[in-house]
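# Observations on chain architecture
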Amino acid sequence: MTVSHRRQLLVLPDRDCAEEAAEQLSGELPGLARPELVRDALAGEDDAEDAQWLVVLEAPEADGWTAEHLVLLDGIAAGLDGWREED
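Residues numbered from 1 in each chain as written. Predicted model: local features only at pLDDT ≥ 70, side-chain atom pairs only at ≥ 80, totals over all residues. Heavy atoms only, no water.

### Focus: the pattern of salt bridges
Taken as a whole, this structure holds five salt bridges when the rule is applied. Ionic pairing is found between Arg 84 and Asp 74, a salt bridge with its closest N-O pair at 2.6 Å. With Arg 84 in strand β6 (residues 83-86) and Asp 74 in helix α2 (residues 67-79), this pair connects stretches of sequence that are 10 residues apart. We classify Arg 84 as partly exposed; its relative accessible area is 23%. Residue Asp 74 is classed as partly exposed on the basis of its relative accessible area of 32%. (Salt bridge = Lys/Arg side-chain N within 4 Å of Asp/Glu carboxyl O. Helix = DSSP H or I, 4+ residues; strand = E, 2+ residues; numbered from the N terminus. Buried < 20%, exposed > 50% of the residue type's maximum accessible area, 1.4 Å probe, protein only.)

### A look at α2
Helix length check: α2, at 13 residues, gives a terminal C-alpha distance of 18 Å against a target of 18 Å (1.5 Å per residue), a fit within 8%. Of all the residues in α2, the buried ones are His 69, Leu 70, Leu 73, Ile 76 and Ala 77. Down the axis of α2, the buried set is contained in an arc of 125 degrees. They therefore lie on one face. Along α2, exposed side chains directed more than 90 degrees from the buried face belong to Glu 68, Val 71, Ala 78 and Gly 79. The positive-phi residue at the C-terminal boundary of α2 is Asp 81, with phi of around 60 degrees. (Expected span 1.5 Å × (residues − 1). Arc of directions from axis to C-beta.)

### Remarks on a negative patch on the surface
Residues Asp 14, Asp 16, Glu 20 and Glu 23 make up a contiguous surface patch of negative charge. When you line up the elements, Asp 14 lands in the loop between β2 (8-12) and α1 (15-28). Overall, Asp 14 belongs to the partly exposed group, its relative accessible area being 33%. (Patch = residues over 30% accessible without salt bridge, like charges linked within 9 Å, V, L, I, M, F, W, Y side chains within 5 Å. Areas by Shrake-Rupley, 256 points an atom, 1.4 Å probe, with all protein chains shown as cover. Lys, Arg positive; Asp, Glu negative; His and termini not counted. Charge placed at Lys NZ, Arg CZ, Asp CG, Glu CD.)

Rendered as structure tokens:
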């Protein structure tokens, strides 16, 4: 069952975690487009230490995000001290 065609974001504490998440995703979902890694500075913070990293994921074209996909994304994010959001 298709859940969503919206973009998914994994919000992670640092670049290393974002790179690890992208690597895990390429192994678990080989047909997925390459994730985009984006530095997201926290509002009002000038220090590079105070930045989160986003793993931006486009929906699979064929069937969108299924419930199983979203559970997988939630698990990867949680395992790296992060969370998932829809964009």
